[in-house]
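Fold and contact review
Listed below are the residues making up each chain.
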Amino acid sequence: AGPEVSPTGLPLGFRRMRRVIDQPTLTHTFRFTGLRWSILAVALATSAVVVGMVGFQIWHDRERVFDSALAETGSIATSLAEHAHQIFGATDVLMRGLANDVDGLPSLARIDRQKLHEKLSTVATGASVMHALAVIDASGRRIATADTATPGPISFDTRPHFFLQQFNPNLGLYIGSPI
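The residue count restarts for each chain, going from 1 along the sequence in the order it is written. The predicted origin of the model limits local features to residues at a pLDDT of at least 70 and limits the giving and counting of side-chain atom pairs to 80 or more, whereas totals for whole chains, interfaces and linings rest on all residues. To get the side-chain values, take all heavy atoms of the structure and skip hydrogens and water.

1. So, the overall build of the protein chain
- Each helix and strand counted, the protein chain has four helices and two strands in total.
- Helix numbering and strand numbering both begin at the N terminus, where a helix is a DSSP run of H or I of at least 4 residues and a strand a DSSP run of E of at least 2. Along its sequence from the N terminus, the protein chain presents helices and strands in the succession α-α-α-β-β-α.
- Taking all 179 residues of the protein chain together, the buried fraction comes to 15%.
- Only heavy atoms enter the contact rule, under which two residues are in contact if any of them lie within 4.5 Å. Restricting to contacts in the protein chain with at least 6 residues of sequence separation, those with at least 24 account for 41%.
- For every accessible area listed, the method is Shrake-Rupley and the probe measures 1.4 Å; residues are considered covered only by the protein chains on display. As displayed, the protein chain offers around 14100 Å² of accessible surface, 63% of which is attributable to carbon and sulfur atoms. The buried label applies to any residue whose accessible area, calculated with a 1.4 Å probe on protein chains only, is under 20% of its type's maximum; exposed applies above 50%, and partly exposed to all values in between.

Laid out in structure tokens, this is it:
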């Protein structure tokens, strides 16, 4: 007599063995013991410290960059202010010199407009900060400009820069809005 056979034709012991192999069994369950909790806690604490140190370094670097940018911006602003002060001072001296030359003329009605135009053109060419230069009479009309000896009939009597200079001739350089 041989081994007992099941209806499927397999020996009975083989089938029982196959059921044991096919079914997953957890013989080693994962349990957190005191040591494992300690290791996990140390790993988490170490990670938190590393993240904190990296965050602090980033914050510190950011502060240093902002401080440096603030110092550089202040330095550039000071340089620009000094440069603007020097340019406006030189322009004021130049304008006062031209005003003295024009005041020394016998009459604006009898001046040599071509010579005045040439002088204005020379000054405007040498002063890169000026885009237009003109001599204006007491009523606000242009007598001569750096561009032409016979300018068109444009009156500046309503412009703030003319109005301020007309009533305060010792005002000095005044920069109004663009024309």
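Further notes follow.
2. Looking at the confidence of the model for the protein chain
- Confidence in the prediction for the protein chain averages 79 pLDDT; 81% of positions are at 70 or higher.
- Per-element averaging of pLDDT across the protein chain places helix H1 (residues 12-22) at the bottom with 52 and helix H2 (residues 34-103) at the top with 89. pLDDT gives the predictor's per-residue confidence on a scale running from 0 to 100.

3. Topic: the packing of H2 against helix H3 (residues 113-126)
- What counts as an axis is a line fitted to C-alpha atoms, over the stretch in contact for a helix, and the angles between N-to-C directions run from 0 to 180 degrees. Two elements in contact, H2 and H3, have axes separated by 12 Å at closest approach and are oriented at 170 degrees. Accordingly, the angle class assigned to the pair H2 and H3 is roughly antiparallel. The segment H2 lies against H3, with Leu 94, Leu 98, Asp 101 and Val 102 engaging Leu 116, Lys 119, Leu 120 and Val 123.
- Under the convention adopted here, Pro, Cys and the residues Ala, Val, Leu, Ile, Met, Phe, Trp and Tyr are nonpolar, Asp, Glu, Lys and Arg are charged, and Gly plus all remaining residues are polar. In the contact of H2 with H3, the residues fall into six nonpolar, no polar and two charged. Throughout this description, any angle smaller than 35 degrees is read as roughly parallel, any larger than 145 degrees as roughly antiparallel, any in the 65 to 115 degree range as roughly perpendicular, and the remainder as oblique.

4. A few points about the pattern of salt bridges
- Any carboxyl oxygen of Asp or Glu that lies within 4 Å of a side-chain nitrogen of Lys or Arg is treated as forming a salt bridge with it. For the structure on display, the rule yields three salt bridges.
- Notably, a salt bridge pairs Glu 63 with Arg 62, separated by 3.7 Å at the nearest N-O pair.
- Given a relative accessible area of 29%, Glu 63 falls into the partly exposed group.
- For Asp 137, the salt bridge is made with Arg 141, and the minimal N-O distance between the two is 3.0 Å.
- Residue classification places Asp 137 among the buried positions, given a relative accessible area of 11%.

5. Points about the side chain of His 117
- Within the fold, His 117 resides in helix H3.
- Overall, the relative accessible area of 13% leaves His 117 in the buried class.
- With sequence-adjacent residues up to four places away left out, His 117 is seen in contact with Ala 144, Thr 145, Ala 146, Asp 147, Thr 148 and Ala 149.

6. Points about the layout of surface pockets
- For the largest pocket, the calculated volume is near 1800 Å³.
- If you list the elements that add at least two residues to the lining of the largest pocket, you get H2, strand S1 (134-136), strand S2 (142-145) and helix H4 (160-167).
- For the lining of the largest pocket, the element with the most residues is H2, which contributes eleven residues.
- For the lining of the largest pocket, a count of residues per class yields 26 nonpolar, 13 polar and six charged. Residues are called lining when one of their atoms sits within 4 Å of a cavity or pocket point, these points coming from a 1 Å grid over the protein atoms alone, where a cavity is a set in which a 1.4 Å probe fits but cannot get out and a pocket is an open set with protein on both sides within 12 Å along at least five of seven lines. Grid points are joined across faces, edges and corners, and a volume is the space filled by probe spheres set on the points.

7. Some points on the nonpolar core
- Side-chain atoms within 4.5 Å link the members of a nonpolar core, which is a set of buried Ala, Val, Leu, Ile, Met, Phe, Trp, Tyr and Cys residues. Counting 14 residues, the largest nonpolar core has Leu 98, Leu 116, Leu 120, Leu 133, Val 135, Ile 143 and Ala 146 as the members making the most contacts within it.
- Looking at this core element by element, the count peaks at four residues for H3.
- Among residues more than four places away in sequence, those in contact with Leu 98 are Lys 119, Leu 120, Val 123 and Leu 133.

8. Points about H3
- One fewer than the residue count of a helix, multiplied by 1.5 Å, yields its expected span. Between the first and last C-alpha of H3 there are 20 Å, a value that for 14 residues agrees with the 20 Å anticipated at 1.5 Å per step.
- Of the positions making up H3, those classed as buried are Leu 116, His 117, Leu 120, Val 123 and Ala 124. Along H3, the residues classed as buried sweep out an arc of 130 degrees about the axis, all on the same side. Looking at H3, the residues exposed on the side facing more than 90 degrees away from the buried face are Lys 115, Thr 122, Thr 125 and Gly 126. By definition, the arc is the one covered by directions from the helix axis to the C-beta atoms.

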